[in-house]
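Coordinate analysis (summary)
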Amino acid sequence: MKYLLPLLLAVYGSTALYGQTYFNITGGYVVQNDSFLVLQNAGFANAGTFTANGGTVSFSGNAADNLSSIEGASSTSFYRLQINKSANNAQLNQAATVADTLIFSGGHLDIQNHNLTILPGGGILGADASRHVKTTGTGALVRTVDNNPAEYPVGNSPYHPATLHNAAAVDQFSVRICDAVLNNGYTGSAYLTDVVGRTWFVEEITPGGSDLSLTLYWNGSEELTGFDRSMSYISRFDAGLWDAQPLTAAGGGDPYTQTRIGITSLSPFAVLGADFEQLIQILGQIIWRGDGFTGVKDAQVDATGDLNGTAITDMSGNYSLSDLSGQGDVTITPTKTINLLNGVDVGDALAIQQHLTAINTVSDPYTQISMDVNTDNKISTLDALIIGQTLLGN
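None of the values given here were measured: they were computed from a predicted structure.

**With respect to the environment of S105**
Mapped onto the elements, S105 comes out in strand β13 (residues 96–106). Of the residues examined, S105 reaches a relative accessible area of 29% and is grouped as partly exposed. For the pair S105 and I83, spaced 22 residues apart in sequence, the C-alpha to C-alpha distance is 5.9 Å. Among the polar contacts made by the side chain of S105, one reaches the side chain of Q82 at a distance of 3.0 Å.

In structure tokens, the structure reads:
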């Protein structure tokens, strides 16, 4: 392992480390000027201060990903960063920035759960399907987007780049990929039909004031059952739903592309087909009318109509109707057939009689619903009779 102790070290000429475990800055200052620091089968660990006024840090060799890593207690800003692996990849274990150029000559850079930021004026060279930024975790590639198209060479398995063009104020945007389209955008169940099975998470570092066009790229092998690329669109997850857009034919020829313009708000994006149907989740709670807060346990809740499903309430009366597929109208109907009396007594039968004879009329609609014991949509003496017979055990 190569250690650099607390001191001021200026790197002017080219330096190569072979067979080391880490180029380890344990403290002090390291200044890189116009030079090459080649880490062959070695990692870069910064616990001091690394200042790159110029030059290139290059990861090469065939070591495992975790042995060609960028890490340490201190944040690191490279001037130029080159990924030149003959086998395996390089790995990001802390957030890092690149001031001038991120260069891909061989292998991927897996950023895992850390952002890699290309500073304003910087660029990316050499990326393609065999060498690019892998976003296998929550980390994203961040770069500045202005009136010129900015490519984000990202992917997990395999390559799914995105291109952003901003007609409004210059800002930084981040992009990462998920290998599924989820019904809650960031979480939930994966759609299995009528989508390209990828989600592009696009975020603005300083939200507001953007006017973006977004182009997404995918491979034919990622098109799930039923997806028709001749009638497709880029959808944005908004207010709990994947939004609909005009249908157009995809461009390109494996990889294919779709473009959406006029984007002013950002969130997950996906490519959907004409027959796509939302998976809807309906959440609710059933409470006792008596106190207004105690939950009703073990009630059955049915969704009927254009969307269908069933759920049972928990101890607090909460229910979740999940993965309802379709669109249109839905009716929610709660029922409970166990413990029928549940506090009902002869006074309830008397209340029905007094309501019917106008001695003590009930105007509250919820109470009226509960008085309709046989659910025939009216209050009658039969409802009072049913209560009386049930109390007698008949």
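The rest of the description comes next.
**Observations regarding the sheet that holds strand β28 (residues 256–263)**
Taken in spatial order, the five strands of this open sheet run β19-β21-β24-β28-β27, and their pairing is antiparallel. Sheet topology places β19 (150–152) and β27 (251–252) at the edges, where each strand pairs with a single neighbour. Taken together, the two bridges between β27 and β28 define a ladder with antiparallel strand orientation. Residue pairing in the sheet places G251 in a bridge with T257 of β28.

**Quick look at the pairing of strand β32 (residues 309–312)**
Residues G309 and A311 line the buried face of β32, whereas the alternating positions T310 and I312 sit on a face that is not buried. The sheet contact formed by strand β31 (residues 300–305) and β32 spans four bridges and is antiparallel. Looking across to β32, one finds that D302 is bridged to T310.

**Details of helix α3 (residues 381–391)**
Taken as a whole, α3 has its buried residues at D383, A384 and I387. Buried residues of α3, viewed axially, fall in a sector of 100 degrees; they line one side. In this fold, the buried residues of α3 make contact with α1 (346–356) and α2 (365–371). In the stretch just after α3, G393 is the one whose phi turns positive, near 85 degrees.

**Brief notes about the packing of aromatic side chains**
The tally for this structure, following the rule as stated, stands at nine aromatic pairs. An aromatic cluster of three or more residues is present, and its members are F23, F44, F50 and F78. Between the NZ or CZ atom of R176 and the centre of the ring of F201, over which it lies, the distance is 4.0 Å. Looking at R229, its charged tip hangs above the ring of Y256, at a distance of 4.0 Å from the centre.

**Observations regarding α1**
Within α1 the residues assigned to the buried category are A349, I352 and H355. Axial view of α1: buried residues confined to an arc of 120 degrees, hence all on one face. Contact partners of the buried residues in α1: α2 and α3. With a side-chain oxygen positioned 2.9 Å from the backbone nitrogen of G347, the residue opening α1 is D345. Following α1 by one or two positions, A358 has its phi on the positive side, about 65 degrees.

**Digging into the confidence of the model for the chain**
Taken residue by residue, the chain gives an average pLDDT of 89. The fraction at 70 or more is 94%. Contacts from residues 1–9, a stretch scored under 50 in pLDDT, to residues over four places away or in other chains number 31 contacts.

**Structural notes on the sheet that holds strand β34 (residues 330–335)**
With antiparallel pairing, the three strands of this open sheet are ordered in space as β32-β31-β34. The outermost strands of the open sheet, each flanked by one partner alone, are β32 and β34. Adjacent strand axes in the sheet meet at a mean angle of 20 degrees when their direction is disregarded.

**With respect to the packing of α1 against α3**
Put simply, α1 and α3 touch, their axes get as near as 9 Å, and they point 165 degrees apart. By the criterion of interaxial angle, the relationship of α1 to α3 is roughly antiparallel. The handedness of the crossing between α1 and α3 is left-handed. Contact with α1, carried on its side by V346, D348, A349, I352, Q353 and L356, involves T381, D383, A384, I387 and L391 of α3 and no other residues of that element.

**Comments concerning the pattern of salt bridges**
According to the stated counting rule, one finds eight salt bridges in the structure shown. Close ionic contact of R131 with D128 constitutes a salt bridge, the shortest N to O distance being 3.5 Å. Looking at D128, the relative accessible area reads 28%, which means it is partly exposed. Across the salt bridge formed by R198 and D179, the nearest N and O atoms sit 3.1 Å from each other. You can see R198 sitting in the loop between β22 (171–178) and β23 (199–204) and its partner D179 sitting in the loop between β22 and β23, a full 19 residues away along the chain. Assessed through its relative accessible area of 11%, R198 is described here as buried.

**Quick word on the environment of D254**
Summarising the element assignment, D254 is placed in the loop between β27 and β28. A polar contact of 2.8 Å, which involves the side chain of D254, links it to the backbone nitrogen of G220.

**Some words on the pairing of β23**
With five of its six residues buried, β23 lies for the most part within the structure. In the sheet, β22 pairs with β23 via six bridges, with the strands oriented antiparallel. Its bridge partner lying in β23, F173 is registered against E204. Pairing of β23 with strand β29 (residues 268–273), which is carried by two bridges, proceeds in the antiparallel orientation. Bridge pairing in β29 places F201 opposite P268.

Calculation criteria
- Residues numbered from 1 in each chain as written.
- Predicted model: local features only at pLDDT ≥ 70, side-chain atom pairs only at ≥ 80, totals over all residues.
- Heavy atoms only, no water.
- Helix = DSSP H or I, 4+ residues; strand = E, 2+ residues; numbered from the N terminus.
- Buried < 20%, exposed > 50% of the residue type's maximum accessible area, 1.4 Å probe, protein only.
- Polar contact = N/O pair within 3.5 Å; in protein donor to acceptor, adjacent residues only side chain to side chain.
- Pairing = 2+ DSSP bridges.
- Arc of directions from axis to C-beta.
- Contact = heavy atoms within 4.5 Å.
- Phe/Tyr/Trp six-rings, centres within 6.5 Å; stacked < 30°, edge-to-face > 60°.
- Lys NZ or Arg CZ within 6 Å of the ring centre and 35° of its normal.
- pLDDT = per-residue confidence, 0-100.
- Axes fitted to C-alpha atoms, helices over the stretch in contact; angles between N-to-C directions.
- Parallel < 35°, antiparallel > 145°, perpendicular 65-115°, else oblique.
- Left-handed = near helix turned anticlockwise from the far one by under 90°.
- Salt bridge = Lys/Arg side-chain N within 4 Å of Asp/Glu carboxyl O.

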